[in-house]
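Below are the chains, spelled out letter by letter.
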Amino acid sequence: MFKLNSILITIILFLLIVGMHEIGMKIGERYENKSDDDSKSQTTAIQGGIIGMLALILGFTFSMAVQRFDNRAAAEIAEANAIGTAILRTNLLANPYNTKAEELIEDYIRNRLEINNTDLTETKTREKYQKQTLKIQQEIWSLGITAAQLDPNPVTSGLFISSVNDMIDAQGKRNDQLRRQVPPTIFYILFIIFIATGGLIGYASGLGKKTSRVPSIVLSFLICLIVFIIIDLDRARRGTIQVKQDSMEALTPVQQYKNF
């Protein structure tokens with residue numbers, strides 16, 4: 001489902017709900033004369049219970065999607081802060097290692113911005129950027145080790161190596177947050193409940209003397225709109241609602257950040 005467009009999923013769901021509503025309404029109209037007030041009130045009570053359950057599951061799923069979105073935003077800030085600390089601590093290195101470290105970190109920031117602006121479905125492109133990320137990380141780490149061997153001082157080279165380690169850890173945590181999404185099974189269960197609810201609402205409407213499709217269509221549209229928001233929030237680097245890269249972009253250029 002992740003490979004499908006969010007709008008396409010929402011449209012298909014809307015059509016299925018409306019279609020099931022029409023089927024339920026036809027069945028309800030067929031049994032209208034055979035139903036008494038007790039059966040109609042029972043159907044209405046069941047309908048209300050299912051709608052309440054639907055609202056509960058919607059709220060639960062929306063909360064999961066928002067939490068994951070917030071976690072991705074926090075991970076972006078944490079990584080930017082870790083890189084910013086590494087940039088500042090390049091001043092602790094002796095020449096020419098400080099200049100070389102700045103250049104490597106600047107390349108690292110550009111690479112991280114590129115990969116974070118790439119759709120998760122573009123696996124080959126992301127793999128290419130990921131390999132570049134690992135290569136630059138290794139170069140920065142090797143530079144720090146070399147500087148530490150020439151100046152084995154925990155207050156200078158030691159602090160820089162520590163900040164590089166934090167920068168690498170922050171990148172790994174952010175990648176992990178990108179892979180954490182609402183389980184597809186929950187969406188499938190949601191869709192089944194929505195479609196079944198549409199059929200039940202249609203059946204209850206068909207049992208009445210007068211039927212109107214407008215309220216049911218509006219309700220179906222609102223349900224699908226909420227589903228679209230949930231799916232979009234849950235899709236890192238895919239949907240229209242995305243975590244901004246402001247903190248990472250503020251790090252470039254490196255020299256301007258250091259002088260800020």
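A.B. asks: Sorry, what's going on with the overall build of the chain here?
C.D. replies: Looking only at helices and strands, one finds nine helices and zero strands in the chain. Scanning the chain from its N terminus toward the C terminus, one meets helices and strands in the order α-α-α-α-α-α-α-α-α. In terms of overall dimensions, the chain is more spread out than a globule: its C-alpha atoms have a radius of gyration of 27 Å, far above the 18 Å expected for 260 residues. The principal-axis extent of the C-alpha atoms belonging to the chain is close to 95 × 30 × 30 Å.

A.B. asks: Teacher, can you tell me more about a nonpolar patch on the surface here?
C.D. replies: Together, Phe62, Val214, Val218, Phe221, Leu222, Leu225, Ile229 and Ile241 make up a nonpolar patch on the protein surface, roughly 660 Å² of accessible area in all. In terms of residues, the nonpolar patch owes the most to one element, helix 7 (residues 214-234), which gives six residues. For Phe221, the location among the structural elements is in helix 7.

A.B. asks: Would you take a moment to explain the layout of surface pockets for this structure?
C.D. replies: In this approach a probe as big as a water molecule rolls over the atoms, and the regions it shows empty are the leftover space. In this structure, the largest pocket spans a volume of roughly 270 Å³. Around the largest pocket, the lining comprises 12 residues; the ones closest to its centre are Leu120, Arg126, Asn175, Leu178 and Arg179. Classifying every residue of the lining of the largest pocket gives four nonpolar, four polar and four charged.

A.B. asks: Looking at this model, I keep getting lost on the environment of Gly28. Mind explaining?
C.D. replies: Note on placement: Gly28 falls in helix 1 (residues 6-30). For Gly28, the contacting residues outside a window of four places in its chain are Tyr203, Gly206 and Leu207.

A.B. asks: Would you mind showing me how to read empty space enclosed by the protein here?
C.D. replies: Evaluation of the coordinates by the stated rule reveals three cavities of 30 Å³ or more. A volume near 50 Å³ is recorded for the largest cavity. Along its surface, the largest cavity is lined by Ile17, His21, Phe194, Thr197, Gly198, Ile201, Ser216, Leu219, Ser220 and Ile223. If you list the elements that add at least two residues to the lining of the largest cavity, you get helix 1, helix 6 (184-206) and helix 7. For the lining of the largest cavity, the class distribution of residues is five nonpolar, five polar and no charged. The computed volume of the second largest cavity comes to approximately 40 Å³. Every residue lining the second largest cavity is listed: Arg72, Ala75, Arg174, Gln177, Leu178, Arg237 and Val243. The biggest single contributor to the lining of the second largest cavity is helix 5 (residues 157-179), with three residues. Broken down by class, the residue content of the lining of the second largest cavity amounts to three nonpolar, one polar and three charged.

A.B. asks: For this particular structure, what's the right way to read the environment of Thr99?
C.D. replies: Tracing the backbone through its elements, the reader meets Thr99 in helix 3 (residues 97-116). Thr99 sits in the partly exposed class, given a relative accessible area of 40%. Put simply, Thr99 and Gln137 are 38 residues apart on the chain and 16 Å apart in space, counted from C-alpha to C-alpha. For Thr99, the side chain forms a polar contact with the side chain of Asn98, separated by 3.4 Å.

A.B. asks: Can you walk me through the pattern of salt bridges in this structure?
C.D. replies: Where charged atoms from two side chains of opposite charge approach closely, those side chains can pair. Taken as a whole, this structure holds five salt bridges when the rule is applied. Among the salt bridges present, the one from Glu79 reaches Arg112, with a minimum N-O distance of 2.7 Å. Of this pair, Glu79 sits in helix 2 (residues 37-89) while Arg112 sits in helix 3, and the two are 33 residues apart along the sequence. Given the relative accessible area of 0%, Glu79 is considered buried. A relative accessible area of 0% places Arg112 in the buried class. Ionic pairing is found between Asp107 and Arg110, a salt bridge with its closest N-O pair at 2.9 Å. Here Asp107 and its partner Arg110 are both found in helix 3, three residues apart, which amounts to about one turn of the helix. The exposure class of Asp107 is partly exposed, given its relative accessible area of 36%. Judged by relative accessible area, which is 43%, Arg110 ranks as partly exposed. A network of salt bridges, in which partner residues are shared, links Glu79, Arg112 and Arg174.

The rules we used
- Along each chain, numbering runs from 1 in the same order as the chain's sequence is written.
- With the structure being a predicted model, the display of local features is reserved for residues of pLDDT at least 70 and the display and counting of side-chain atom pairs for 80 or more, all residues being used for whole-chain, interface and lining totals.
- Hydrogens and water are ignored here; the side-chain numbers use all heavy atoms of the structure.
- Helical segments are the DSSP runs of H or I of at least four residues, strand segments are the runs of E of at least two, and each set is numbered from the N terminus.
- Radius of gyration here uses only the C-alpha atoms, and the compact-globule reference equals 2.2 Å multiplied by the residue count raised to the power 0.38.
- Patches here are clusters of residues that have more than 30% relative accessible area and form no salt bridge, with a 9 Å joining cutoff for like charges and a 5 Å cutoff for nonpolar side chains (Val, Leu, Ile, Met, Phe, Trp, Tyr).
- Accessibility throughout is a Shrake-Rupley quantity obtained with a 1.4 Å probe, and a residue counts as covered only by protein chains that appear here.
- When a carboxyl oxygen of Asp or Glu is within 4 Å of a side-chain nitrogen of Lys or Arg, the pair counts as a salt bridge.
- Of the two site types, the cavity is a set of points on a 1 Å grid over the protein atoms alone where a 1.4 Å probe fits but cannot get out, and the pocket is an open set with protein on both sides within 12 Å along at least five of seven lines, each lined by residues with an atom within 4 Å of a point.
- Grid points are joined across faces, edges and corners, and a volume is the space filled by probe spheres set on the points.
- Residue type decides the class: Asp, Glu, Lys and Arg count as charged, Ala, Val, Leu, Ile, Met, Phe, Trp, Tyr, Cys and Pro as nonpolar, and the leftover types, Gly among them, as polar.
- Contacts are assigned to residue pairs that have any heavy atoms within 4.5 Å of one another.
- When accessible area is computed with a 1.4 Å probe and restricted to protein chains, residues below 20% of their type maximum are described as buried, those above 50% as exposed, and intermediate ones as partly exposed.
- Under this definition, polar contacts are N or O atom pairs within 3.5 Å; protein pairs additionally need one hydrogen-donor-capable and one acceptor-capable atom, and for neighbouring residues in sequence, both atoms have to be side-chain atoms.

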